[in-house]
Amino acid sequence: MEPVPGLDLRAPPFDLLDADGQSRLSAALDLAFHPAGTLLVGAGQPSEHVQVIAKGEVVAFDRDDTGEQHFADFGPGDVFGAFAVITGRARHSYRARSDTLAWLLPAGVFRALLASQPRFAAWFHEGLAVKGALAGDRDGGELAALLVTRVGDAVLAPAHRLHAATSIAEASASLRTRRVDCLLVEDPDAEGLGIVTRTDLLDAVTRGGLPVDAAIGPLASRPLRTVRVEDPLFQALVLMTEQHIERVVVVEARRPVGTLGMAEVLAHYASHSHTISLRLARAHDLDAVADAARDMTRLVRQLHAQGARIAYLTELVSALNTRVMARLFELLVPAGLRDRVALLVLGSEGRREQILKTDQDNALLLADGLDWPDAAATMDRFSQALAGIGYPPCPGGVMASNPHWRLSVSDFVARIDDWRREPTGQAALDLAIALDARVVAGNAALFAPVRAALSALGRDEILLRSLAAPVLAFQPPLTLFGGLRHASAGLDLKKGALFPIVHGLRCLALRHGIEHRNSDDRIRALVERGALSAELGASLGQALAVVQRLRLARQLEAIEAGAAPDNLLHPEALRRIDRELLRDALRVVRDFQRWLAGSFHLAG
Amino acid sequence: MALPPPLRRWWLRRRHGDGPWAALLAAPPAGERVVLDLETTGLDPASDHILSLAAVPLRGRVLRVSERFTRRIRPERGFGIDSIRHHGILPAEAAGGAPVRAAVREFLAWLGPRDLLGYRLDFDLAMLAPHVRAITGFDLPNRRLDLAERWARRCRRQQPEVPVDQGFDHIASCLGVPVLDRHSALGDAVTTGACWLAMDAG
């Protein structure tokens with residue numbers, strides 16, 4: 001079918017269709033004339049068409065008690081009505097502002113194209129998933145989940161059960177005949193099921209020196225690490241990476257229905273995460289760790305392209321970063337000392353919100369009275385090793401290699417008190433990142449007194465107020481009418497959007513005694529406690545995801561171009577849908593800032 | 001020949017109502033038109049040839065481009081560089097088209113009794129006339145609507161003393177309609193239809 005006149009198939013999203021898709025599109029389009037003022041789609045209504053504007057202007061608006069709220073403008077080349085077609089419910093009302101010519105793509109053809117053209121579908125789902133969730137729309141949220149396979153969709157290995165009294169030899173035969181590599185163990189003397197893997201049996205005989213007729217009962221691991229059939233497959237990947245295990249048990253309504261190994265997960269993702277993780281575990285020197293970690297950027301790029309949710313990405317990247325640091329720590333810190341020190345990660349790594357390998361932000365906590373003359377030299381090596389793998393040194397010097405960030409438990413507690421009395425300038429910055437600290441290696445118990453001292457700050461309203469003040473320092477670049485203002489130098493996503501959200505949540509968490517580090521966890525806890533409205537909480541989570549996603553895309557682009565990743569974004573270079581999402585996100589930031597100003601009595 | 005269309009249609013139905021082309025003579029469906037445009041080797045119906053034909057139904061405020069009829073036509077003899085400059089169809093491309101008689105036959109079967117709409121439609125119909133007559137035995141009975149004439153009537157009504165510019169590009173630009181793919185039959189048909197809709201709106 002010859003193309004329709006005046007519709008550019010080389011422009012997104014139509015360039016994502018293959019030749020067959022373009023031909024089906026060209027065969028199905030009609031051209032409608034909408035006189036100025038015509039209501040094209042009503043909010044909440046289904047739409048029979050997706051429309052592409054050929055000429056004219058369409059405005060999207062919402063109606064509330066105070067009248068019509070202008071939401072967005074659409075011009076030639078823009079697509080609207082896709083969301084209404086996919087979900088059966090338009091989010092906004094659309095009206096022709098001027099006489100408008102628009103190509104009409106019938107809903108059925110659009111759906112068929114989505115179903116058969118993955119790249120085309122991804123273009124719409126990516127934006128719409130977030131968009132839908134922004135509107136608090138359940139359909140939109142489920143749509144997003146479609147992009148992530150469920151555990152139940154993977155090929156599960158059967159969960160075969162044996163009694164604890166079964167011998168190693170029998171169990172081993174059973175593994176072979178059933179072609180599985182793990183078994184569930186029923187032990188009347190233990191609580192719940194246990195699991196033994198092929199490796200466990202082998203180790204018991206070859207390294208533990210057990211006879212092959214010994215019972216498997218004592219070999220079983222408990223409790224089972226489980227994922228639910230309805231969990232995203234990605235969750236299983238994160239769990240295995242984090243827990244350093246090769247297999248998880250899949251449960252349905254709490255009953256084991258099978259087991260899932262890395263191989264099965266990999267069959268779905270074809271990604272490098274497990275290879276990275278395995279190689280890390282096997283790495284016996286610094287170079288090997290470095291080799292294993294090098295693939296991370298590629299993994300992130302791949303998962304990003306596959307449409308993985310940003311929350312899972314950050315979880316996975318943080319899990320891998322943690323493993324890298326823990327492995328380096330084990331390689332460098334003598335075994336006898338590992339129990340008397342604790343390696344802390346601060347800031348975004350502490351919150352598990354890293355999207356790529358970024359600046360080192362860490363500190364070393366030493367047990368009181370520990371004398372370790374080699375600490376400086378060891379931490380220097382640690383920092384250099386991280387730098388060698390691709391984690392640049394922190395420009396602010398927040399690193400265990402810096403004596404300022406290598407301190408005893410009581411010194412740390414004393415410093416927290418200093419911060420409390422003088423929470424300005426550098427002290428405020430230090431305090432902020434310390435509030436996100438978590439232990440990644442060493443003795444976690446050492447951190448308890450520090451954690452308690454940090455939590456105690458939450459009762460100091462004067463401190464909270466000065467700590468929260470910087471959230472207002474940067475106003476989102478929105479025009480009077482809520483449009484995006486163009487900044488020639490670009491928009492600093494970190495300053496303009498991430499910081500106000502993350503820091504605002506950090507201050508609120510501190511005030512309400514919430515120990516969570518992760519922003520999403522903090523939001524959930526604050527909402528549960530009634531300290532944040534469910535609506536603002538949901539919007540904040542979505543805004544954070546949008547900003548993180550745009551930032552990741554920007555940084556991947558920079559890396560591709562061989563430039564240093566930065567946080568500057570040029571809104572005019574964004575696709576329209578991203579620009580809209582960004583604008584929504586910035587509105588949320590602005591609302592949150594206003595709310596915080598009231599809550600912390602800040603002068604706005 | 002000067003009979004008003006309904007009368008002519010009645011008269012033709014009496015003569016050809018049982019013939020193979022009776023469908024052309026049925027009552028035209030209300031509210032539906034077909035925008036027609038041809039690309040030709042030149043502007044003289046006596047000596048020039050049809051190179052392509054595009055027709056797009058128009059119902060309500062929507063040009064039913066998805067129901068379009070388009071044919072590339074093989075001219076019976078060569079054509080010059082001047083005409084190639086105009087329509088951009090190369091002789092080799094034209095040679096891949098359908099024979100004109102077959103294409104017009106298919107078009108008539110597709111068209112049925114629907115009203116025809118075009119820009120300077122008389123020229124296009126004059127190009128088709130010998131083929132239509134040879135195929136059906138009578139002249140095309142469909143009602144005709146012309147964008148240029150409608151435009152001229154409106155201009156004279158609004159500003160009787162100003163000479164009317166009936167140029168295609170001028171009409172489109174006055175109506176705020178983008179000229180889509182000028183000098184392709186489908187592009188001109190779609191632009192003509194969009195202009196008609198714009199005139200309907202005011």
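Everything below is about the structure shown above.
These numbers were taken from a predicted model, which means no experiment stands behind them.

## Quick look at the sheet that holds strand 4 (residues 58–64) of chain A
Whenever strands of a sheet pair, they do so through backbone hydrogen bonds, lying parallel or antiparallel. Residue and element names in this part refer to chain A. With antiparallel pairing, the four strands of this open sheet are ordered in space as 2-7-4-5. Of all strands in the sheet, those bounded by a partner on one side alone are strand 2 (39–41) and strand 5 (67–74). With strand direction ignored, the average angle separating the axes of adjacent strands in the sheet is 35°. In the sheet, strand 4 pairs with strand 7 (residues 93–96) via four bridges, with the strands oriented antiparallel. Residue pairing for strand 7: A60 is matched across the bridge by Y94.

## A word on the interface of chain A and chain B
Tallying the contact residues gives 17 residues for chain A and 19 residues for chain B. At four residues, strand 1 (residues 30–34) of chain A tops the list of elements feeding residues into the side of chain A that touches chain B. Split by residue class, the side of chain A that touches chain B holds 12 nonpolar, one polar and four charged. Of the strand pairs in this sheet, strand 1 of chain A and strand 3 (residues 62–63) of chain B are connected by two bridges, and their pairing is antiparallel. Within the sheet, the bridge partner assigned to L31 of chain A lies in strand 3 of chain B and is L63 of chain B.

## Thoughts on helix 1 (residues 19–28) of chain A
Residues and elements named next belong to chain A. Of the residues making up helix 1, those classed as buried are Q22, L25 and A28. For helix 1, the angular spread of buried residues about the axis comes to 135°, placing them on one side. Among the exposed residues of helix 1, those oriented more than 90 degrees off its buried face are A19 and D20. Buried residues along helix 1 sit against strand 8 (100–106) and helix 3 (107–116).

## Points about the packing of helix 7 (residues 168–175) of chain B against helix 8 (residues 185–200) of chain B
Residues and elements named next belong to chain B. In the contact formed by helix 7 and helix 8, the axes pass within 10 Å of each other and the chain directions differ by 45°. Between helix 7 and helix 8, the crossing angle belongs to the class labelled oblique. You can see that helix 7 and helix 8 cross each other, and the crossing is left-handed. For the pair formed by helix 7 and helix 8, the contact residues are I171, A172 and L175 on the first element and T191, C195, A198 and M199 on the second. Across the contact of helix 7 with helix 8, the residue classes tally to six nonpolar, one polar and no charged.

## Some details on the sheet that holds strand 14 (residues 255–261) of chain A
Residue and element names in this part refer to chain A. Pairing within the open sheet is mixed, and its three strands lie in the order 12-13-14. Edge strands, defined here as strands with exactly one partner in the open sheet, are strand 12 (226–228) and strand 14. Across the sheet, the axes of successive neighbouring strands diverge by a mean angle of 35°, strand direction being ignored. In terms of strand pairing, strand 13 (residues 247–252) meets strand 14 through six bridges, oriented antiparallel. Each residue of the ladder has a partner; that of V249, found in strand 14, is T259.

Calculation notes
Residues numbered from 1 in each chain as written. Chains lettered and ligands numbered in written order. Predicted model: local features only at pLDDT ≥ 70, side-chain atom pairs only at ≥ 80, totals over all residues. Pairing = 2+ DSSP bridges. Helix = DSSP H or I, 4+ residues; strand = E, 2+ residues; numbered from the N terminus. Axes fitted to C-alpha atoms, helices over the stretch in contact; angles between N-to-C directions. Contact = placed C-beta atoms within 7 Å. Nonpolar A, V, L, I, M, F, W, Y, C, P; charged D, E, K, R; others polar. Buried ≥ 20, exposed ≤ 12 C-beta atoms within 10 Å, placed from the backbone. Arc of directions from axis to C-beta. Parallel < 35°, antiparallel > 145°, perpendicular 65-115°, else oblique. Left-handed = near helix turned anticlockwise from the far one by under 90°.

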